[in-house]
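What the coordinates show
What follows is each chain in one-letter form.
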Amino acid sequence: MHLVSCTEERHAQAILDIFNDAIANSTALYEYHPRTLDTMNKWFAAKRAGGYPVIGYEDAGGTLLGFASYGAFRGYPANKYAVEHSVYVRGDQRGKGLGRALLEQVIAAAGQADLHTIVGGIDADNRASIALHEQLGFVHAGTVRHAAFKFGRWLDLAFYQLILPTPAAPVDG
């Protein structure tokens, strides 16, 4: 497998398929209905506008196996050093270390971008994702109980964060 910078032209459909599988079969996304290709156009436009990376791994044949990205944590100017990340792995590729590799790339990209805090919102029952985040230094920062209702039950949303040593000289404004 090899690391790629995902593009809309090449990867939108594969990312859409991964998102829609997560929507239909997991609590990784608190959504009910599949996304459309139009939503992917808007998603990529937002990533471009914010200067946010979309990092992926492909197999030798060029098939996307998983991807990760980050975006603004909150839309206020003083939150400029904080981002919320996401990592998604194709269903048949889970448990092979791909999630770890993607999360490590997100952490590296955030450091290179002079960011300070990376936040992950994880369904509190997703023990594998929580364990992965903890292994890479993320700490529990709080849980919002009953944050969502999906699959006939209430879901708790746990927040995990990693504080980076960057930027060297943060500024107001």
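Here's what I pulled together on the structure shown here. Here, residues in each chain are numbered from 1, in the same order as that chain's written sequence. This being a predicted model, a pLDDT of at least 70 is required before a residue's local features are given, and a value of 80 or more before pairs of side-chain atoms are given or counted; all residues contribute to the totals for chains, interfaces and linings. The side-chain quantities take in all heavy atoms of the structure and omit both hydrogens and water.

Side chains that are nonpolar tend, in soluble globular proteins, to be buried together. Tyr 70, Leu 102, Ile 107, Ile 118 and Phe 138 are the most contacted members of the largest nonpolar core, which totals 27 residues. Each helix is a run of H or I in the DSSP string that is no shorter than four residues. Each strand is a run of E no shorter than two, and both are numbered from the N terminus. Elements supplying a minimum of two residues to this core: β2 (54-58), β3 (64-72), β4 (82-89), α3 (98-112), β5 (117-123), α4 (127-135) and β7 (153-163). Not counting chain neighbours up to four residues away, the residues in contact with Ile 118 comprise Val 83, His 85, Ile 107, Ala 110, Phe 138, Tyr 160, Gln 161, Leu 162 and Leu 164. Put simply, buried Ala, Val, Leu, Ile, Met, Phe, Trp, Tyr and Cys residues joined by side-chain atoms within 4.5 Å make one nonpolar core. Working definition: with a 1.4 Å probe on protein chains only, accessible area under 20% of the residue-type maximum means buried, over 50% means exposed, and in between means partly exposed. Ranked by size, the runner-up nonpolar core spans 17 residues in total, among them Val 4, Cys 6, Ile 23 and Leu 64. Note on definitions: a residue-residue contact is assigned when non-hydrogen atoms from the two residues lie within 4.5 Å.

Okay, the pattern of salt bridges next. What makes a salt bridge here is a side-chain nitrogen of Lys or Arg within 4 Å of a carboxyl oxygen of Asp or Glu, nothing more. For the coordinates displayed, the defined rule picks out eight salt bridges. Linking Glu 58 and Arg 10 is a salt bridge whose minimum nitrogen-to-oxygen distance equals 2.8 Å. Here Glu 58, found in strand β2, pairs with Arg 10, found in helix α1 (residues 8-25); they are 48 residues apart in sequence, far enough to count as distant. Relative accessible area serves as the criterion here: at 1%, Glu 58 is assigned to the buried category. On the accessibility criterion, Arg 10 (52% relative accessible area) is exposed. Where Asp 38 meets Lys 42, a salt bridge forms, and the shortest distance between an N and an O atom there is 3.2 Å. Taken together, the positions of Asp 38 and Lys 42, both in helix α2 (residues 37-50) and four residues apart, correspond to about one turn of that helix. Of the residues examined, Asp 38 reaches a relative accessible area of 41% and is grouped as partly exposed. Take Lys 42: its relative accessible area is 56%, and that puts it in the exposed class.

The N-to-C vectors of α3 and α4 enclose an angle of 45 degrees; their axes lie 11 Å apart at closest approach. The angle between the axes of α3 and α4 places the two elements in the oblique class. In this structure, α3 meets α4 at a crossing whose hand is right-handed. Along its contact with α3, which presents Gly 99, Arg 100 and Leu 103, the element α4 presents Leu 132, His 133 and Gln 135. Under this grouping Gly is polar, as are all residues other than the nonpolar Ala, Val, Leu, Ile, Met, Phe, Trp, Tyr, Cys and Pro and the charged Asp, Glu, Lys and Arg. The residue inventory of the contact of α3 with α4, partitioned by class, reads two nonpolar, three polar and one charged. Lines are fitted to the C-alpha atoms to define the axes, a helix being fitted only along its stretch in contact, and any angle between axes, read from their N-to-C directions, falls within 0 to 180 degrees. Roughly parallel means an angle under 35 degrees; roughly antiparallel means over 145; roughly perpendicular covers 65 to 115; every other angle is labelled oblique. In this scheme the handedness of a crossing depends on how the near helix is turned from the far one: anticlockwise by less than a right angle means left-handed, clockwise means right-handed.

With that settled, consider the packing of aromatic side chains. Two rings from Phe, Tyr or Trp (for Trp, the six-membered ring) form a pair when their centres sit within 6.5 Å of each other. Planes less than 30 degrees apart are called stacked, planes more than 60 degrees apart edge-to-face, and all others tilted. Tallied over the entire structure, the rule returns eight aromatic pairs. Ring plane angle 90 degrees and centroid distance 5.0 Å describe the contact between Trp 43 and Phe 44, whose orientation is recorded as edge-to-face. No difference in accessibility class separates Trp 43 from Phe 44, as the two residues are buried. Pairing Phe 67 with Tyr 88 gives two aromatic rings, centres 5.5 Å apart and planes at 25 degrees, and the pair type is stacked. In this pair, Phe 67 sits in strand β3 while Tyr 88 sits in strand β4, placing the two residues 21 residues apart along the sequence. Residue Tyr 88 is classed as buried on the basis of its relative accessible area of 10%. Comment: the charge-over-ring label is applied if NZ (Lys) or CZ (Arg) is within 6 Å of the ring centre and within 35 degrees of the ring normal. Here the guanidinium or amino end of Arg 35 rests over the ring plane of Phe 19, the centre of that ring lying 4.0 Å away.

The next point concerns the sheet that holds β2. Sheet architecture is open: seven strands sit in the order β1-β2-β3-β4-β5-β7-β6, paired in mixed fashion. Of all strands in the sheet, those with a lone pairing partner are β1 (2-5) and β6 (139-150), marking the two edges. Across the sheet, the axes of successive neighbouring strands diverge by a mean angle of 25 degrees, strand direction being ignored. Contacts from α2 reach β2 and β3, with the element oriented near 55 degrees to β3. Seen against the sheet, α4 touches β4, β5 and β7 and runs at an angle of roughly 160 degrees to β5. Strands are treated as partners if at least two bridges between them are detected by DSSP.

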